[in-house]
Amino acid sequence: MRVTVIGTGYVGTVTGACLAYLGHRVTCVDTDSQKIEKLSRGEMPIYEPHLDGLLQLSAQRGGIDFTTDLAGPAAESDAIFIAVGTPSLPTGEANLCYLEAAARSIGAAMDDSRFRVVINKSTVPVGSGNLVETLVREGIRESHPGSQKRIRFGVASNPEFLREGCAIGDSLYPDRIVLGADEESMQVLRELYRPLVEQRFEAPAFLPRPAGMSRAPVVTTTLTSAEMIKYAANAFLAVKIGFANEIANICERVGADALEVMAGIGLDARIGGRFLNPGLGWGGSCFGKDIQSLLHTSGEYGYQSRLLEAALEVNRAQRQLVIQKLQEKLFILKGRTIGLLGLAFKPETDDLRDAPALQIAERLLQMGVRVKAYDPIAMEPCRASHPNLKIQYCESPQEAAEESDALVLVTEWKQFAGLDLADLAKRMSRAILVDGRNLFDPEVARRAGFDYTGIGRPQRSAAHTGGTAVTITI
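Within each chain, residues carry numbers counting from 1 in the order of the written sequence. The predicted origin of the model limits local features to residues at a pLDDT of at least 70 and limits the giving and counting of side-chain atom pairs to 80 or more, whereas totals for whole chains, interfaces and linings rest on all residues. Excluding hydrogens and water, the side-chain values take into account all heavy atoms of the structure.

When two helices pack together, their arrangement is given by the angle between the helix axes and by the axis-to-axis distance. Direction vectors running N to C along helix H9 (residues 223-254) and helix H11 (residues 287-300) enclose 115°, while the axes themselves pass 9 Å from each other. At the point where H9 passes H11, the crossing takes the left-handed sense. Across the interface between the two elements, Met228, Lys230, Tyr231, Asn234, Ala235, Leu237, Ala238 and Ile241 from H9 touch Phe287, Asp290, Ile291, Ser293 and Leu294 from H11. Axes here mean lines fitted to C-alpha atoms, for a helix over just the part in contact, with angles spanning 0 to 180 degrees between N-to-C directions. By definition, any uninterrupted DSSP run of H or I lasting at least four residues is a helix, any uninterrupted run of E lasting at least two residues is a strand, and each is numbered from the N terminus. Handedness of each helix crossing follows the sense of rotation of the near helix against the far helix: counterclockwise by less than a right angle gives left-handed, clockwise gives right-handed. Pairs of residues are marked as contacts when any of their non-hydrogen atoms sit within 4.5 Å.

So, in structure tokens, the structure goes:
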């Protein structure tokens, strides 16, 4: 099929590359000419593992192009994805200006040569499908007066569930595909996704098909329900993380180990073990924005969602734990040097949107702290996007540790787990380690010479507190 994808961010670029890999002819469109030029040269404007390799394979299979011109590709396409940003306004409401511009432009590009489906891939408030349909019709009316009845199209919602750092795997081997549309549009979507649903494609060598993966589940719903599914999923995950952090904070006070507690409750099939990792809270472009948008929608309909409000508040408070723990160890922070390990909001991405590290760094700087930082991927993006953040960028974790009074593990990059902790401790003025993601074994860190503190973990092991260490055997 012929496919156009509007927007070349994480969602649009990965979606376009995967559809082309499945054999469809894809054109990705963006108004940012510099980004399009980079992609056309095979350069990645974002960091996502294996994306460059997938784009090369996609060009050989279905074919993929990048352009700033929407009119030509949209006129030739059977399916047109809208994958533009929907950032939050100060009110919490989603900013739909990019979505609205895309919808009008799609209408202006249409003719009566075929039936087309306009697919919302962007995370949009409930009811946005109706808005898109209205705006597409406006675009048709303005550009093709008198042809409105002959130009046929449908509008669908196909929310994404991609995790940055795992986006290609989540696209090629999804745990579900959600489609909200009328029956005629649904037929197009079923054909579009048939290779994915039936897993009838050769898995790329760098990303083998998971064992037992033979078919992708499909959820077909109304357009409105599909829009709500995306918000409900992100809201639930944010609440689950918030719950883990609340329990962790109580664990610290009573002497329990939050990791043992989470392991114990995660074995309950009704709860599950994923997203129960205590830490510095979630970041990124999705959870906070989507909860704010859902709160705005619920307010429009006269409902106050106290649980979602609490999820935001718990996450905000969790980021301040680092400051509190540093004060407990160092008392006076002014004039101290603190090294941050990690800047991106999560591993395997260079995304700094709502990254806890940035808020921690800003607060420390306000308190008169000298801040050093190392991240394997996100330092250049941080320099570019936050030129006024006066931190010292280091070339290695060892440099970040050199003469620092404390280290804070903010992002749980895999390579940090293999660090020589004894070497780091010897380089520091004071060997204090605040493990914001519970990456390290506390006793290993202490034997290496660190004054260690994690999130929701007792200050001493069970052997020191008279307790008994817990072992889970499955």
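That shown, we press on.
Counting through the fold element by element, Pro208 comes out in the loop between helix H8 (183-197) and strand E8 (218-221). In this structure the C-alpha to C-alpha distance between Pro208 and Asp350, which are 142 residues apart in sequence, comes to 24 Å. Those residues within four positions of Pro208 in sequence are excluded, and the remaining contacts are Tyr173 and Ala203.

Moving on: the pattern of salt bridges. When a carboxyl oxygen of Asp or Glu lies within 4 Å of a side-chain nitrogen of Lys or Arg, that pair is called a salt bridge. Applying the stated criterion to the full structure yields 30 salt bridges. Between Lys289 and Asp290 there is a salt bridge, with its nearest N and O atoms 3.0 Å apart. Here's how the labels work: a residue is buried when its accessible area is under 20% of the maximum for its type, exposed when over 50%, partly exposed in between, all with a 1.4 Å probe on protein chains only. Judged by its relative accessible area of 18%, Lys289 is buried. Of the charged contacts, one joins Glu313 and Arg316 as a salt bridge, the two residues approaching to 3.1 Å between their closest N and O atoms. Of this pair, Glu313 and Arg316 both sit in helix H12 (residues 306-318), 3 residues apart, roughly one helical turn. Taking relative accessible area as the criterion, Glu313 reaches 43% and is therefore assigned partly exposed. Arg316 gets classed as partly exposed once you look at its relative accessible area, which sits at 46%. Through salt bridges that share partners, Glu191, Arg194, Glu198 and Arg200 make up one connected network.

A few words now on the side chain of Asp290. Structurally, the position occupied by Asp290 is in helix H11. Reaching out from Asp290, the side chain makes a polar contact with the side chain of Asn234 at a distance of 2.6 Å. Among residues more than four places away in sequence, those in contact with Asp290 are Thr123, Lys230, Tyr231 and Asn234. Two N or O atoms count as a polar contact when they lie within 3.5 Å, although within protein this holds only if one can serve as hydrogen donor and the other as acceptor, and sequence-adjacent residues are included solely when both atoms are side-chain atoms.

Now for the packing of aromatic side chains. Ring pairs shown here join Phe, Tyr and Trp side chains whose ring centres sit within 6.5 Å, with only the six-membered ring taken for Trp; geometry is labelled stacked below 30 degrees between planes, edge-to-face above 60, and tilted in between. For the structure on display, the rule yields 4 aromatic pairs. Residues Tyr173 and Phe201 carry aromatic rings whose centres are separated by 6.1 Å and whose planes lie at 20° to one another, so their mutual orientation is stacked. Of this pair, Tyr173 sits in the loop between helix H7 (167-172) and strand E7 (177-180) while Phe201 sits in the loop between H8 and E8; the two residues are 28 residues apart in sequence, bridging distant segments of the chain. Taking the relative accessible area as the measure of exposure, Tyr173 reaches 9% and is therefore buried. Ring pairing ties together the aromatic residues Tyr21, Tyr173 and Phe201, which thus form one cluster. We note Arg61 situated over the ring of Tyr21; from NZ or CZ to the ring centre the distance is 4.0 Å. Placement of a charge over a ring requires the Lys NZ or Arg CZ to be within 6 Å of the ring centre, with the centre-to-atom vector within 35 degrees of the ring normal. In this structure, Arg176 is placed above the aromatic ring of Phe161, and the distance from its NZ or CZ to the ring centre is 3.7 Å.

This part covers the pairing of strand E5 (residues 116-120). Here E5 lies mainly inside the structure; 5 of its 5 residues are buried. For two strands to be treated as a pair, DSSP must find no fewer than two bridges joining them. Relative to E5, strand E4 (residues 79-82) is paired through 4 bridges, and the arrangement is parallel. Across the sheet, residue Ala79 finds its bridge partner in E5, namely Val117. A crossover links E4 with its parallel partner E5, the connecting element being helix H5 (residues 97-109), and its sense is right-handed. Two elements, E5 and strand E6 (residues 153-157), share 5 bridges in a ladder whose sense is parallel. Its bridge partner lying in E6, Arg116 is registered against Phe153. The path from the first strand over the helix to the second decides the hand: if it runs clockwise while the strands point away from the viewer, the crossover is right-handed. Handedness of the crossover joining E5 and E6 through helix H6 (residues 128-143): right-handed.

Take helix H14 (residues 356-366) next. Burial in H14 covers these residues: Pro356, Ala357, Leu358, Ile360, Ala361 and Leu364. Buried positions along H14 lie against helix H13 (321-330), strand E9 (337-341), strand E10 (370-374) and helix H15 (379-385). Taken from the residues just after H14, Gly368 is the one with a positive phi, measuring 85°.

Mapping Gly165 onto the fold places it in the loop between E6 and H7. Through-space distance from the C-alpha of Gly165 to that of Val369 is 32 Å; in sequence the pair is 204 residues apart. With near-sequence residues (within four places) excluded, Gly165 lies in contact with Glu48, Pro49 and Glu348.

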